[in-house]
Amino acid sequence: MLSGRRLDILDPSPLDVELSDIAHGLARVARWNGQTLGDYAFSVAQHSVLVLELFRAHNPEADNTAQLQALLHDAPEYVMGDIISPFKAAMGGNYKTVEDRLLGAIYLRFSLPATAGAALGKLIKKADREAAYFEAVHLAGFSAVEAQRFFGAPSLPTFDVDQFDRLIRPWPTREAQDRFIAACEAILPSA
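Residues numbered from 1 in each chain as written. Predicted model: local features only at pLDDT ≥ 70, side-chain atom pairs only at ≥ 80, totals over all residues. Heavy atoms only, no water.

Trainee: Kindly report on the pattern of salt bridges, identifying the contributing residues and their values.
Mentor: Under the criterion given, the structure shown has nine salt bridges. Salt-bridge contacts for E53 lead to R56; the nearest nitrogen and oxygen are separated by 3.0 Å. Pair noted here: E53 and R56 are both in helix α2 (residues 44-58), with a separation of three residues, about one helical turn. According to the relative accessible area criterion, R56 is partly exposed, its value standing at 27%. (Salt bridge = Lys/Arg side-chain N within 4 Å of Asp/Glu carboxyl O. Helix = DSSP H or I, 4+ residues; strand = E, 2+ residues; numbered from the N terminus. Buried < 20%, exposed > 50% of the residue type's maximum accessible area, 1.4 Å probe, protein only.)

Structure below.
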């Protein structure tokens, strides 16, 4: 890693996980295999911030631990990349085990429980699917009907136009990295 840490992907240690490495990697990993509109790829770092905002909108009472777990839900992709869901399903095997082990190490690094737990996991997944719906419609060329078929209809009205535009318009790599770090640091002091 750029921090100098040596992360063993098969047996990750929380001691080898650094926020700067996560943010750097996620800001450079494109969602939708890069098949999106805009001057920049829509990164996993930006997707993570969008998921956090949707999670907060649905769960205004969520504590900092839950918010941090929502932000970090795709953090293993800083090492593993973003593999599209149909390909993940076709791969099977140990992929999910390796991803879960890495996520557990990431959560432990930030003094979080190693797993989100079933109830919280469902809430995070809901925000993740809504983010995918908005990304599909606004960035990846899906019609609203097609996106609904794959991701379900969002249950929240869209944010105000300016706020939503700031979240969905692809950010340059450095901005995505900085905004991911800022979101994490805003939560961390109380997590």
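Trainee: Go over the side chain of E77, please, and point to the residues and values.
Mentor: Inspection of the secondary structure assignment puts E77 in helix α4 (residues 77-80). Classification of E77 as buried rests on a relative accessible area of 3%. Not counting chain neighbours up to four residues away, the residues in contact with E77 comprise L26, V29, V44, D82 and K88. (Contact = heavy atoms within 4.5 Å.)

Trainee: If you had to explain the nonpolar core to someone new, which residues and values would you point to?
Mentor: Within soluble globular proteins, side chains that are nonpolar tend to cluster in buried spots. Core analysis: the largest hydrophobic core is formed by 59 residues, its most contacted members being I22, L72, I106, F110 and F180. Setting aside anything within four residues of it in sequence, one finds I106 in contact with V17, I22, L72, A75, P76 and Y78. (Core = buried A, V, L, I, M, F, W, Y, C linked by side-chain atoms within 4.5 Å.)

Trainee: Before we move on, can you summarise the environment of F42 with the specific residues and values?
Mentor: With respect to the helices, strands and loops of the structure, F42 is situated in the loop between α1 (19-27) and α2. The sequence separation of F42 and V17 amounts to 25 residues, and the corresponding C-alpha distance is 24 Å. Residues contacting F42, with those up to four places away along its chain left out, are V29, A30, R31, T36, H47, L50, E135, L139, L167, I168 and P170.

Trainee: Which residues make up α2, and what values go with them?
Mentor: Residue pairs three or four apart in sequence face the same way in an α-helix, which turns once every 3.6 residues. Taking 1.5 Å per residue, 15 residues should reach 21 Å; α2 reaches 21 Å between its end C-alpha atoms and fits that length. Restricting attention to buried positions, one finds in α2 the residues V44, A45, Q46, H47, S48, V49, L50, V51, L52, L54 and F55. (Expected span 1.5 Å × (residues − 1).)

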